Amino acid sequence: MHEEQQRPEHGPLAGFTVGVTAARRAEELGTLLQRRGATVLHAPALRIVPLADDSELLAATKEIIHQVPDIVVATTAIGFRGWVEAADGWGLGEDLLARLGGVRIMARGPKVKGAVRAAGLTEEWSPSSESMAEVLDRLLEEGVDGLRIAIQLHGEPLPGFVESLRAGGAEVVGVPVYRWMPPEDIGPVDRLLDATVSRGVDALTFTSAPAAASLLSRAEERGLLPEVLAALGHDVLPACVGPVTALPLQGHGIDTVQPERFRLGPLVQLLCQELPGRARSLPIAGHRVEIRGHAVLVDGDLKPVPPAGMALLRALSRRPGWVVARADLLRALPGAGRDEHAVETAMARLRTALGAPKLIQTVVKRGYRLALDPAAETKYADA
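Residues numbered from 1 in each chain as written. Predicted model: local features only at pLDDT ≥ 70, side-chain atom pairs only at ≥ 80, totals over all residues. Heavy atoms only, no water.

If you look the protein chain up in an unreviewed UniProt entry, it shows as Uroporphyrinogen-III synthase from Streptomyces koelreuteriae.

**Regarding the overall build of the protein chain**
The criterion, for reference: Secondary structure elements follow DSSP: runs of H or I of four or more residues count as helices, runs of E of two or more count as strands, with numbering from the N terminus. The rule is simple: take the accessible area with a 1.4 Å probe, protein chains only, and divide by the maximum for that residue type; under 20% is buried, over 50% is exposed, in between is partly exposed. Residue contacts are counted whenever heavy atoms from the two residues lie within 4.5 Å of one another. Areas reported here follow the Shrake-Rupley algorithm with a probe of radius 1.4 Å; residue values treat only the protein chains shown as occluding. Positive residues here are Lys and Arg, negative ones are Asp and Glu, while His and the chain termini are left out of the count. Taken as the charge centre is NZ of Lys, CZ of Arg, CG of Asp or CD of Glu, depending on the residue.
Tallying secondary structure elements over the protein chain gives 17 helices and 17 strands in all. Buried residues in the protein chain amount to 48% of all 383 residues. Sequence-distant contacts in the protein chain: of pairs separated by 6 or more residues, those separated by 24 or more amount to 63%. Only carbon and sulfur atoms are counted for the fraction: they give 50% of the accessible area of the protein chain, which is about 18,300 Å². In the protein chain, which carries 42 positive and 47 negative side-chain charges, the distance between the mean positions of the two groups comes to 8 Å.

**As for the packing of aromatic side chains**
The test is simple: Only rings of Phe, Tyr and Trp enter the pairing, Trp through its six-membered ring, and a pair is recorded when the two centres are within 6.5 Å. The plane angle decides the type: under 30 degrees is stacked, over 60 is edge-to-face, the rest tilted. Criterion for a charge above a ring: Arg CZ or Lys NZ at most 6 Å from the ring centre, at most 35 degrees from the ring normal.
Applying the stated criterion across every chain yields a total of one aromatic pair. A ring pair is formed by F80 and W83, whose centres lie 6.1 Å apart and whose planes are at 90°; its orientation type is edge-to-face. Placement of the pair is F80 and W83 together in helix α4 (residues 77-89), with a separation of three residues, close to one helical turn. For the pair F80 and W83, one class covers both residues: buried. Across the ring face of W322, the terminal group of R319 is positioned such that the distance to the ring centre comes to 3.8 Å.

**Quick notes on the nonpolar core**
Quick reminder of the rule: Definition of nonpolar core: a set of buried residues of the types Ala, Val, Leu, Ile, Met, Phe, Trp, Tyr and Cys, connected through side-chain atoms within 4.5 Å.
Core analysis: the largest hydrophobic core is formed by 30 residues, its most contacted members being I64, F80, W83 and L100. Within the residue set of this core, elements represented by two or more residues are α3 (55-66), β4 (71-74), α4, α5 (93-100), β5 (104-107), α6 (110-118), β7 (171-176) and β8 (178-181). When near neighbours in sequence (up to four residues on either side) are disregarded, I64 contacts P69, W83, L96, R99, L100, A150, V173 and V175. V298, V343, L354 and L372 belong to the second largest nonpolar core, which has 28 residues in total.

**A short note on the confidence of the model for the protein chain**
The condition that has to hold: Per-residue confidence from the prediction method is given by pLDDT, with values spanning 0 to 100.
Per-residue pLDDT for the protein chain has a mean of 87; in total, 92% of the residues score no lower than 70. In the predicted structure, residues 1-8 sits below a pLDDT of 50 and forms three contacts with residues beyond four places in sequence or in another chain.

**A short note on the pattern of salt bridges**
Heads up, the condition is: For this document, the term salt bridge refers to a Lys or Arg side-chain nitrogen within 4 Å of an Asp or Glu carboxyl oxygen.
With the rule as written, the count across this model stands at 15 salt bridges. One salt bridge connects R218 with D190, and the closest N-O pair in it is separated by 2.8 Å. With R218 in helix α10 (residues 209-221) and D190 in helix α9 (residues 187-197), this residue pair connects regions lying 28 residues apart in the sequence. The exposure class assigned to D190 is buried, which follows from its relative accessible area of 14%. Note that R292 is salt-bridged to E290, the shortest N-O span being 2.7 Å. The same class applies to R292 as to E290, namely buried. Each of D190, D194, R218, E221 and R222 takes part in one network of salt bridges that share partners.

**Quick notes on α9**
Most of α9 is tucked away: nine of the eleven residues are buried. The inward-facing, buried residues of α9 contact β1 (17-20), β2 (39-42), β9 (203-206), α10 and α11 (225-234). Just beyond α9, the residue with positive phi is R199, at close to 65°.

**Comments concerning unusual backbone geometry**
Phi is positive for A285, which is not a glycine, with a value near 50°. Tracing the chain through its elements places A285 in the loop between β11 (280-284) and β12 (287-291). Residue A285 is classed as partly exposed on the basis of its relative accessible area of 29%. With a phi angle near 50°, D299 is a residue other than glycine that sits in the positive phi range. Note that D299 resides in the loop between β13 (295-298) and β14 (301-304). Judged by its relative accessible area of 30%, D299 is partly exposed.

**Describing the pairing of β11**
Applicable threshold: Whether two strands pair comes down to DSSP finding at least two bridges between them.
By the bridge criterion, five bridges tie β11 to β12 in an arrangement that is antiparallel. Counted as the bridge partner of R280 is I291 from β12. Following β11, the chain reverses through two residues before pairing antiparallel with β12; A285 in that reversal takes a positive phi of roughly 50°.

**A few points about the packing of α9 against α10**
Applicable threshold: Every axis corresponds to a line fitted to the C-alpha atoms, with the helix fit spanning only the stretch in contact, and the corresponding angles, defined between N-to-C directions, vary from 0 to 180 degrees. Here the angle decides the label: under 35 degrees means roughly parallel, over 145 means roughly antiparallel, 65 to 115 means roughly perpendicular, and every other value means oblique. Under the scheme applied, nonpolar residues are Ala, Val, Leu, Ile, Met, Phe, Trp, Tyr, Cys and Pro; charged residues are Asp, Glu, Lys and Arg; polar residues are all the others, including Gly.
At their nearest, the axes of α9 and α10 sit 10 Å apart, and the two run at 80° to each other. Here α9 is positioned roughly perpendicular relative to α10, judged by the angle of their axes. Each of V189, D190, L192 and L193 in α9 lies in contact with α10, whose residues at this interface are L215, R218 and A219. Grouping the constituent residues of the contact of α9 with α10 by class yields five nonpolar, no polar and two charged.

**Focus on the side chain of R108**
How we decide: Pairs of N or O atoms are called polar contacts if they sit within 3.5 Å, as long as, within protein, a hydrogen donor faces a hydrogen acceptor (for residues adjacent in sequence, only side-chain-to-side-chain pairs).
The residue R108 is located in the loop between β5 and α6 in this model. A distance of 2.8 Å separates a polar side-chain atom of R108 from the backbone oxygen of T75. Here R108 is in contact with A74, T75, T76, S126, P127, E130, S131 and M132, once residues within four sequence places are set aside.

**Focus: the environment of L302**
Checked against the element boundaries, L302 lands in strand β14. When its relative accessible area of 25% is taken as the criterion, L302 is described as partly exposed. Between the C-alpha atoms of L302 and H10, which are 292 residues apart in sequence, the distance is 7.4 Å. In this structure, L302 is in contact with H10, A14, G15, A295, V296 and L297, ignoring residues within four places of it in sequence.

So this is what it looks like as structure tokens:
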């Protein structure tokens, strides 16, 4: 019992690697994941470019000042603040705020509400879910026929949102405050794609549809799209903050997981449930062994394992208790070549890393096997 109390606590994501594609709030998401034990691979799939000098935003701002809309939909805090700041820069800030003061404002979520109030304005309504779908439902329910509605756009138009309002009879004015652009340094994205294909990550997180689309677009440019989609379809968990973010992935037939509340905290909690649930747990040589992304839990103790060792362990665990030939294990080793001695070297390191040599048995002249406990033999014989 004393040993049990002394064991260090490992977070639910210990031993897993999670890719973060976000540009905005990436540090916050990365910190939340690391606090729970994850290794984080950050590759912003795009960057946000403010449009303070953009003619489209200037034209939209002037149009709203001269022909005041009935409703303004504020979608992001950074975007709303950016719009007011840009208007100030053009000497139009006071005029814009004066016009918006008499307009019905709908703010998507508390952060946007905060930005609206910081500008000295008051929102009429904000959905508890932070969902644009809920904003749309409310507008259509109230009826939009004949109304002029201004929408502060995300980096790209909101799928279906503008079309639905126009179909309901509204005149829609888009306010493009910032744009998504490809990252200046594509290196991290390429490394993340390579890690996805090689199963070096266990999950990819997406917090915006443009980031998901950008990652898939880069995969296509490199000729890796089929391999990336295959990884996301089976071994690498795609986790999206909400349904709009998931659309580019769903367009390629990829099922994603999403939290009930579209926030970073619930997204991380979802990974804390999903990833350990996908890990293989086996009774081996009197121990409970859980095989995670880049580490192994042996009776609850976290054992980091080198990539070659993890490759061997995964190959052995596909048919636990069965002998796996050296030639098959050699094929499972990343970049091992043809020398079966590489298997012996990697196996020695794996046994050292696990700290329990009897977990893996050498079967002379045949190969290696996981020493599955006898009671478990029948249960896992056909796994």
